[in-house]
Amino acid sequence: MLITLHFQLPQDPKACAPAAERLGELVELIREDKEEQAIDPAFFTGNMTDYPEWLREAFADAKLKQALEKFGGCEAGELAEYDVETWYEDLFAGETWDIKLDAGEARPGAARALTYFVEAEPYGGDVPLAWMLLASGGSRLKRSQSDSE
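What you see is a predicted model, and the numbers here were worked out from it, not measured in a lab.

Novice: How would you sum up the overall build of the chain? Please name residues and give values.
Specialist: A count of helical and extended segments in the chain gives five helices and four strands. Put simply, the chain runs from its N terminus to its C terminus through helices and strands in the order β-α-α-α-α-β-β-α-β. What you see for the chain is a C-alpha radius of gyration of 15 Å, in line with the 15 Å of a compact globule of 149 residues. Viewed in the frame of its principal axes, the chain has a C-alpha envelope of about 45 × 35 × 30 Å. Residue burial in the chain is summarised as follows: out of 149 residues, 43% are buried. Sequence-distant contacts, at least 24 apart, represent 71% of the contacts inside the chain between residues at least 6 apart. Carbon and sulfur atoms form 50% of the exposed surface of the chain, whose accessible area is close to 8200 Å². Averaging the coordinates of the 14 positive side-chain charges in the chain and doing the same for the 30 negative ones gives two points 10 Å apart.

Have a look at this one:
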């Protein structure tokens, strides 16, 4: 099943380009880790130290966590303890693959999309990927899915 997370880049021109760069960096790191995980899943320990400090710092932002709770249908405060280590574990426990960021323009307020495949629901992949979008500066997250591959 193909999942698409639709989002919007920041409206502020000064925040837009850095947000697009952060997203691109994270998608590349995740793709590299997913490839390494696929080669030898039993021995994959991860590369958490490769991830940028701004991602770790984003977990202190209560408004971002509230946005993630709303997106994920969680109760208020349910993700209060969500941190970078939990995010990383959830990311690689989720059965997602072929994660791609569209080639859209990095212009203020631009609509963009992140796509990935999952075997079937429930797979546990939306929350960590949605967090990545929010922490990078994305907003207005929406999810769609297609049974075609």
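Novice: Before we move on, could you go through the layout of surface pockets and cite the residues and values that matter?
Specialist: Here the largest pocket is characterised by a volume of approximately 250 Å³. Lining the largest pocket we find 15 residues, and of these Lys34, Gln37, Ala38, Thr96 and Trp97 sit closest to its centre. At the level of secondary structure, the elements contributing two or more residues to the lining of the largest pocket comprise α1 (13-39), α4 (84-93) and β2 (96-101). Ranked by residues supplied to the lining of the largest pocket, first place goes to α1 with five residues.

Thresholds applied
Residues numbered from 1 in each chain as written. Predicted model: local features only at pLDDT ≥ 70, side-chain atom pairs only at ≥ 80, totals over all residues. Heavy atoms only, no water. Helix = DSSP H or I, 4+ residues; strand = E, 2+ residues; numbered from the N terminus. Rg over C-alpha atoms; globule rule 2.2 N^0.38 Å. Buried < 20%, exposed > 50% of the residue type's maximum accessible area, 1.4 Å probe, protein only. Contact = heavy atoms within 4.5 Å. Areas by Shrake-Rupley, 256 points an atom, 1.4 Å probe, with all protein chains shown as cover. Lys, Arg positive; Asp, Glu negative; His and termini not counted. Charge placed at Lys NZ, Arg CZ, Asp CG, Glu CD. 1 Å grid on protein atoms, 1.4 Å probe; cavity = no way out; pocket = protein on both sides within 12 Å on 5 of 7 lines; lining within 4 Å. Points joined across faces, edges and corners; volume = space filled by probe spheres on them.

Function-wise, these values are silent; they only describe arrangement.
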